[in-house]
Amino acid sequence: MKDAFNGRDRQVKKLLQILVDIDDLGTCRNFLYDLCTPAELKSMADRWEVVQKISNGENYRDIAKSTGCSTATITRVGRSLKYGRGGYQWALDRESQ
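Residue numbers run consecutively from 1 along every chain, following the written order of its sequence. Residue-level local features of this predicted model are given only where pLDDT is at least 70; pairs of side-chain atoms are given and counted only at 80 or more, and the full residue set underlies all totals for whole chains, interfaces and linings. The side-chain values count all of the structure's non-hydrogen atoms but skip hydrogen atoms and water molecules.

### Comments concerning the overall build of the protein
Point 1. To qualify as a helix, a DSSP run of H or I must reach at least 4 residues; to qualify as a strand, a run of E must reach at least 2; elements of each kind are numbered from the N terminus. Summing up its helical and strand segments, the protein has six helices and zero strands in all.
Point 2. For the protein, the sequential pattern of α-helices and β-strands runs α-α-α-α-α-α.
Point 3. Dimensions of the protein, computed from the C-alpha atoms along their principal axes, are close to 35 × 30 × 30 Å.
Point 4. Only protein chains enter the calculation, and the probe is 1.4 Å; a residue is then buried if its accessible area is under 20% of its type maximum, exposed if over 50%, and partly exposed in between. For the protein, buried positions account for 20% of its 97 residues.
Point 5. When the accessible surface of the protein is split by element, carbon and sulfur atoms take 53% of a total near 7,600 Å².
Point 6. Here the protein holds 16 positive side-chain charges and 13 negative ones, and the gap between their average locations is 8 Å. Using the Shrake-Rupley algorithm and a 1.4 Å probe, accessible areas are obtained, with residue cover drawn only from the displayed protein chains. Charge counting treats Lys and Arg as positive and Asp and Glu as negative, with His and both chain ends excluded. Charge placement uses NZ in Lys and CZ in Arg. For Asp and Glu, CG and CD serve respectively.

Quick look at the structure:
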């Protein structure tokens, strides 16, 4: 899978390290609210909901109806869930613990 960050590797690594270092929900929430626009946060939350629904076996049309997400977004999420780097699956596994 092609790396979407290309020449920004150093900055991405710094951001990822900050996220790894956050040790509580409140700090994480505050950081993400400062870092992201409300629309970006909503998009991430929507994608996470789609991941959960796909992993539960729901079909894409039903997911589109219940979430309001486009079928293009749902398809991209499904492709990442199946062929991505395993981040979604890791999160799903962690959530079920």
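After that view, the rundown keeps rolling.
### Notes on the pattern of salt bridges
Point 1. Any Lys or Arg side-chain nitrogen found within 4 Å of a carboxyl oxygen on Asp or Glu counts as a salt bridge. Taken as a whole and judged by the stated rule, the model has two salt bridges.
Point 2. D46 is paired through a salt bridge with K42; the nearest N and O atoms lie 2.7 Å apart. Linking D46 with K42, this pair stays in helix α3 (residues 38-55), spanning four residues, or about one helical turn.
Point 3. Two residues, E58 and K53, come together in a salt bridge whose shortest N-O distance is 3.8 Å.
Point 4. Its relative accessible area of 31% is what places E58 among the partly exposed residues.

### Thoughts on the packing of helix α4 (residues 60-67) against helix α5 (residues 71-83)
For any two helices packed against each other, the geometry is given by the interaxial angle and the distance between the axes.
Point 1. Axes here mean lines fitted to C-alpha atoms, for a helix over just the part in contact, with angles spanning 0 to 180 degrees between N-to-C directions. As a packed pair, α4 and α5 sit with axes 9 Å apart at the nearest point and diverge in direction by 120 degrees. By the criterion of interaxial angle, the relationship of α4 to α5 is oblique. In the packing of α4 onto α5, the handedness of the crossing is right-handed. Facing Y60, I63 and A64 of α4, the residues of α5 in contact are T71, I74, T75 and G78.
Point 2. For the contact of α4 with α5, the class distribution of residues is four nonpolar, three polar and no charged. Working rule for angles: under 35 degrees goes down as roughly parallel, over 145 as roughly antiparallel, 65 to 115 as roughly perpendicular, anything else as oblique. Each crossing gets its hand from how the near helix is turned against the far one by less than a right angle, where anticlockwise is left-handed and clockwise is right-handed. Contact between two residues is taken to exist if any of their heavy atoms lie within 4.5 Å; hydrogens are not considered. Residue classes follow a fixed rule: Ala, Val, Leu, Ile, Met, Phe, Trp, Tyr, Cys and Pro count as nonpolar, while Asp, Glu, Lys and Arg count as charged, and any other residue, Gly among them, counts as polar.

### Concerning the packing of α3 against helix α6 (residues 87-95)
Point 1. Interhelical geometry of α3 versus α6 gives an angle of 75 degrees and a closest axis separation of 11 Å. When the interaxial angle is binned, α3 and α6 end up roughly perpendicular. Here R47, W48, V51, Q52 and S55 of α3 come into contact with α6, specifically with Y88, A91, L92 and E95.
Point 2. Class assignment of the residues belonging to the contact of α3 with α6 gives a composition of five nonpolar, two polar and two charged.

### Comments concerning α5
Point 1. Multiplying 1.5 Å by the residue count of a helix minus one yields the expected span of that helix. With 13 residues, α5 extends 18 Å from end C-alpha to end C-alpha; this agrees with the ideal 18 Å at 1.5 Å per step.
Point 2. By the burial criterion, the buried members of α5 are T73, I74, V77, G78 and L81. Across the axial projection of α5, the buried residues extend over an arc of 135 degrees, all falling on one side. The exposed residues of α5 that point more than 90 degrees off its buried face are K82 and Y83. As used here, the arc is the angular range of directions from the helix axis to the C-beta atoms.

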